[in-house]
Amino acid sequence: MSQSHLWKALSGVLCVYKRSGVSSSALIKLLTRQISETVAEIESTSQVRLPLISLPIVEPHHESGALVVVGRNEIADYRYHPLVSGRSIRSEDIQILDVLPLAANSSGVCLFGLNDGCEKVPEIMAKSWTNAYRIDGLLKKPVDTSAEIGKITRHRIEKVLSRMESEFRGASFRHANVDLESSEAFELARRGVPRAQLPGAQIVYSIDLNWFRSPRFSITAQCSGEDDEMLRQLVENIGINLGLESATIRLQRQNFGPFKSDDSLLEKQINLQNIIRNIQLNRRIIASSESIDKKVVTESTENESSNKIREVFDGFGLKESTKLDDYDAMRPAWPRNY
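- Per an unreviewed UniProt entry, the protein goes by the name Pseudouridine synthase II N-terminal domain-containing protein and belongs to Caenorhabditis remanei.

The structure is reproduced here in structure tokens:
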């Protein structure tokens, strides 16, 4: 593989799963070291393919003694050998940019622009993709109040989440760049939740309670334009609305727009071959993401794999799903015999 082909293969968007305890800068250093060391190892072996150069074969004429070209010979051009010209790719040549950094104590799917792919980062941010997070929180009793954690019920937390979700949905219309009194705003409301048209606008589209066992709870938030500080403040606001204090004990990004955990590389899988394969896979994912509605947000639905995960949760006595598909507001708790 020539230097130009290698550089083209290492240009694009890379999807990596960051574990908790590793900072974004440390992950970038790991990627840079793996790429540069692997390229150097390849170039130090016979796998390197040098370009050929055509040199004339000159011999003296048998009568006059003048030098005459009698043919041409193709040999390897050692001007481009790594021992002569140096490495084709060094660590300082590699550019990696984190699209939406996570804090060191957070985990989840991360997107990186690699080399020429760094130019696509503003374009990706302008898409306002919706990202899903699982956040685990802990309720604490304030010192200056008489509130009791034992009186907090699941229904009370769900009411708080519903109220917060409605407030964010109202803000989504303000960031949709449409007139609230226009027919376009009515059409967006009829189709669903409008997608933010201002890049960087922090909007939470849905908040679902996965499970609650006092004093711990877990929620799934679907949002865009967020950062770690905003998500942790979201958990703190839940405690404030309950008259308590709450803190985040785990934050995990489950998907980054169309990119899911199945599309990301684990830390132990990071090598040159897997990086190139992941970049090629991500090109197809980005191309297919053009079909995503740019005006309306479609909430994620549970598939077969998530149902299997829920079975594991239920085995531990935790209820992950709170969807009220069979809920009927007109049906009373007692039977109707009239």
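1. Topic: the side chain of Thr32
Next up, step 1: Relative to the helices and strands, Thr32 resides in helix H2 (residues 24–43).
Next up, step 2: What makes Thr32 buried here is its relative accessible area of 13%.
Next up, step 3: Among the polar contacts made by the side chain of Thr32, one reaches the main-chain carbonyl oxygen of Ile28 at a distance of 2.9 Å.
Next up, step 4: Apart from residues lying up to four places away in sequence, Thr32 is in contact with Ser91, Ile94 and Ile96.

2. So, the side chain of Asn278
Next up, step 1: Checked against the element boundaries, Asn278 lands in helix H8 (residues 272–288).
Next up, step 2: By relative accessible area, Asn278 is classed as buried at 5%.
Next up, step 3: One polar contact links the side chain of Asn278 to the main-chain carbonyl oxygen of Asp263, over a distance of 2.9 Å.
Next up, step 4: For Asn278, the residues in contact, after removing those within four places along its chain, are Val13, Leu14, Cys15, Asp263, Ser264 and Leu265.

3. Thoughts on the pairing of strand S8 (residues 203–213)
Next up, step 1: Burial runs high along S8: 9 of the 11 residues are buried.
Next up, step 2: With 9 bridges joining them, S8 and strand S9 (residues 216–224) adopt antiparallel strand pairing. By the bridge assignment for S9, Ile207 is matched with Ala221.
Next up, step 3: In this antiparallel pair of consecutive strands, S8 and S9, the connection spans 2 residues.

4. Brief notes about the environment of Gln254
Next up, step 1: Of note, Gln254 is situated in strand S10 (residues 245–256).
Next up, step 2: Between the C-alpha atom of Gln254 and that of Cys110, which follows or precedes it by 144 residues, the distance is 9.7 Å.
Next up, step 3: In this structure Gln254 touches Val109, Ala132, Tyr133, Arg134, Thr220, Lys260 and Ser261, once residues within four positions along its chain are discounted.

5. Considerations on helix H7 (residues 228–241)
Next up, step 1: With 14 residues, H7 ought to run about 20 Å at 1.5 Å a step, and its terminal C-alpha atoms sit 20 Å apart, in line with that.
Next up, step 2: Every buried residue belonging to H7 is among Asp228, Met230, Leu231, Leu234, Val235, Ile238 and Gly239, and all of these are buried.
Next up, step 3: The positive-phi residue at the C-terminal boundary of H7 is Gly243, with phi of around 80 degrees.

Rules behind the numbers
- Numbering of residues starts from 1 in each chain and follows the order in which that chain's sequence is written.
- The model is predicted, so local features are restricted to residues of pLDDT at least 70 and side-chain atom pairs to those at 80 or more, both for listing and for counting; the totals for chains, interfaces and linings are taken over all residues.
- Excluded from the side-chain calculations are hydrogens and water; all other atoms, namely the structure's heavy atoms, are used.
- Secondary structure follows DSSP: runs of H or I at least 4 residues long count as helices, runs of E at least 2 residues long count as strands, and numbering of each begins at the N terminus.
- Only protein chains enter the area calculation, which uses a 1.4 Å probe; residues under 20% of their type maximum are buried, those over 50% are exposed, and those in between are partly exposed.
- By the criterion applied in these results, polar contacts are pairs of N or O atoms within 3.5 Å in which, for protein atoms, one can donate a hydrogen and the other can accept it, and in which residues neighboring in sequence qualify only through two side-chain atoms.
- Here, two residues are considered to be in contact whenever any of their heavy atoms come within 4.5 Å of each other.
- Only strands that DSSP links by at least two bridges are regarded as paired with each other.
- Here the expected length of a helix is defined as 1.5 Å per residue gap, with one fewer gap than residues.

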